[in-house]
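Coordinates in review
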Amino acid sequence: DARVTQTPRHKVTEMGQEVTMRCQPILGHNTVFWYRQTMMQGLELLAYFRNRAPLDDSGMPKDRFSAEMPDATLATLKIQPSEPRDSAVYFCASGFPPGGINNEQFFGPGTRLTVL
Amino acid sequence: AQSVTQLGSHVSVSEGALVLLRCNYSSSVPPYLFWYVQYPNQGLQLLLKYTSAATLVKGINGFEAEFKKSETSFHLTKPSAHMSDAAEYFCAVRGYQGAQKLVFGQGTRLTINP
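As a starting point, this report considers the structure included with it. (Residues numbered from 1 in each chain as written. Chains lettered and ligands numbered in written order. Predicted model: local features only at pLDDT ≥ 70, side-chain atom pairs only at ≥ 80, totals over all residues. Heavy atoms only, no water.)

1. Some details on the overall build of chain B
A count of helices and strands for chain B gives zero helices and eleven strands. Computed over its C-alpha atoms, the radius of gyration of chain B comes to 13 Å, within 12% of the 13 Å expected for a compact globule of 114 residues. If one aligns the C-alpha atoms of chain B with their principal axes, the spans along those axes are about 45 × 30 × 20 Å. Buried residues in chain B amount to 46% of all 114 residues. Look at the contacts in chain B between residues 6 or more apart in sequence, and 56% of them connect residues 24 or more apart. As displayed, chain B has an accessible area near 5400 Å², and 52% of this comes from carbon and sulfur atoms. (Helix = DSSP H or I, 4+ residues; strand = E, 2+ residues; numbered from the N terminus. Rg over C-alpha atoms; globule rule 2.2 N^0.38 Å. Buried < 20%, exposed > 50% of the residue type's maximum accessible area, 1.4 Å probe, protein only. Contact = heavy atoms within 4.5 Å. Areas by Shrake-Rupley, 256 points an atom, 1.4 Å probe, with all protein chains shown as cover.)

2. Things to note about the interface of chain B and chain A
In many analyses, interface size is given as the accessible surface area lost on bringing the parts together. Contact residues are listed per partner, giving 19 residues for chain B and 29 residues for chain A. Regarding the contact of chain B and chain A, the summed buried area is about 1800 Å², with carbon and sulfur atoms giving 46% of it. Counting every contact that joins chain B to chain A gives zero salt bridges. Where chain B touches chain A, the interface holds three residue pairs in polar contact (both at pLDDT 80 or more). The set of elements that each furnish at least two residues to the side of chain B that touches chain A consists of β4 (32-38), β5 (44-50) and β9 (87-94) of chain B. (Buried area = accessible area lost by both parts, 1.4 Å probe. Salt bridge = Lys/Arg side-chain N within 4 Å of Asp/Glu carboxyl O. Polar contact = N/O pair within 3.5 Å; in protein donor to acceptor, adjacent residues only side chain to side chain.)

3. Overview of the layout of surface pockets
Of the pockets and cavities examined, the largest pocket occupies roughly 650 Å³. Around the largest pocket, the lining comprises 30 residues; the ones closest to its centre are Gln-37 and Met-39 of chain A together with Gln-38, Glu-88 and Arg-109 of chain B. Elements with a contribution of two residues or more to the lining of the largest pocket: β4 (31-38), β9 (88-95) and β11 (111-115) of chain A together with β9 of chain B. Considered class by class, the residues forming the lining of the largest pocket number nine nonpolar, 17 polar and four charged. In this structure, the second largest pocket encloses a volume near 460 Å³. Along its surface, the second largest pocket is lined by 18 residues, and Arg-3 and Phe-107 of chain A together with Gly-43, Leu-44 and Gln-45 of chain B are the ones closest to its centre. A class-by-class count of the residues in the lining of the second largest pocket yields nine nonpolar, six polar and three charged. (1 Å grid on protein atoms, 1.4 Å probe; cavity = no way out; pocket = protein on both sides within 12 Å on 5 of 7 lines; lining within 4 Å. Points joined across faces, edges and corners; volume = space filled by probe spheres on them. Nonpolar A, V, L, I, M, F, W, Y, C, P; charged D, E, K, R; others polar.)

4. Overview of the sheet that holds strand β3 (residues 19-26) of chain B
In any sheet, the strands associate via hydrogen bonds between backbone groups, in a parallel or an antiparallel arrangement. Residues and elements named next belong to chain B. What the five strands build is an open sheet, ordered β1-β3-β8-β7-β6; its pairing is antiparallel. Looking at which strands have only one partner, the edges of the open sheet turn out to be β1 (3-7) and β6 (56-58). For this sheet, the mean inter-axis angle between neighbouring strands, taken without regard to orientation, is 20 degrees. (Pairing = 2+ DSSP bridges. Axes fitted to C-alpha atoms, helices over the stretch in contact; angles between N-to-C directions.)

5. Considering the packing of aromatic side chains
Per the stated rule, a full pass over the model turns up 14 aromatic pairs over all chains. Plain terms: the ring middles of Phe-107 of chain A and Tyr-36 of chain B are 5.5 Å apart, the flat faces sit at 75 degrees to each other, and that makes the pair edge-to-face. In this pair, Phe-107 of chain A is assigned in strand β10 (residues 105-107) and Tyr-36 of chain B in strand β4, connecting two distinct chains. Look at Phe-107 of chain A and you get buried, because its relative accessible area is 10%. Between Tyr-50 of chain B and Phe-67 of chain B the ring centres are 4.1 Å apart and the planes differ by 15 degrees, which places this aromatic pair in the stacked class. Pair noted here: Tyr-50 of chain B is in strand β5 and Phe-67 of chain B is in strand β7 (residues 64-68), with a separation of 17 residues, a long-range link. For the pair Tyr-50 of chain B and Phe-67 of chain B, one class covers both residues: buried. (Phe/Tyr/Trp six-rings, centres within 6.5 Å; stacked < 30°, edge-to-face > 60°.)

6. Focus on the state of the cysteines
Under the definition given, this model contains two disulfides over all chains. Paired through a disulfide, Cys-23 of chain A and Cys-92 of chain A show a sulfur-sulfur distance of 1.9 Å. Taking the sign of the S-S torsion, about -60 degrees here, the bridge from Cys-23 of chain A to Cys-92 of chain A comes out left-handed. Here the residue Cys-23 of chain A occupies a position in strand β3 (residues 19-24), and Cys-92 of chain A occupies one in strand β9, the gap between them amounting to 69 residues. Using a relative accessible area of 0% as the deciding quantity, one classes Cys-92 of chain A as buried. Covalent S-S linkage joins Cys-23 of chain B and Cys-91 of chain B, the inter-sulfur distance amounting to 2.0 Å. Residues Cys-23 of chain B and Cys-91 of chain B are joined through a disulfide that is left-handed, its torsion about the S-S bond being -65 degrees. Residue Cys-23 of chain B is found in strand β3, and its partner Cys-91 of chain B is found in strand β9; the two are separated by 68 residues along the sequence. (Disulfide = S-S within 2.5 Å.)

Structure below.
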């Protein structure tokens, strides 16, 4: 059963610390998305990649957030330095490129981040 | 720009009753529309999708949705609610012309009363 995996599932850290979240997309998927979910803002797209290249990161605060895909099996989202307002659930999703009808996104279970 | 509006942040129905969750969209191009469900402490799972084929779309767990272009709506329904349907439901839209972003609505929390 192919699934998107995310680690860690939970992270509690202190303000100012670096946070790294990892995502393993489904094998063969070449598009990866990072979302953030909060009560106030709902689901927001932070960034997405196709074939490991960033296509759009306009939703991501550039001064402290960075997203990369070191290889096809790993995507990372880093926050440095972290702030309490970054507390949220961060989801990774993977999918296929556009043009076909089977281009849904498959979501991971999320990383719940708490910044004290 | 594409957007979706979900009417009602909370919907409560009795077990066995009809479920109706409303979604209206705005899109300048023929849209792709999706309904996702999120159970507590889990990621989002696709319920169904509309991609310009049949206007009545059947999904998993007995849910279906009808695309109505004249009303710019894509409401989600289920004839008979089950306790296991309690979750949060998100409507999302994506542009047709190569856009891959999913723009989500604010979500509707569905509660099922015994």
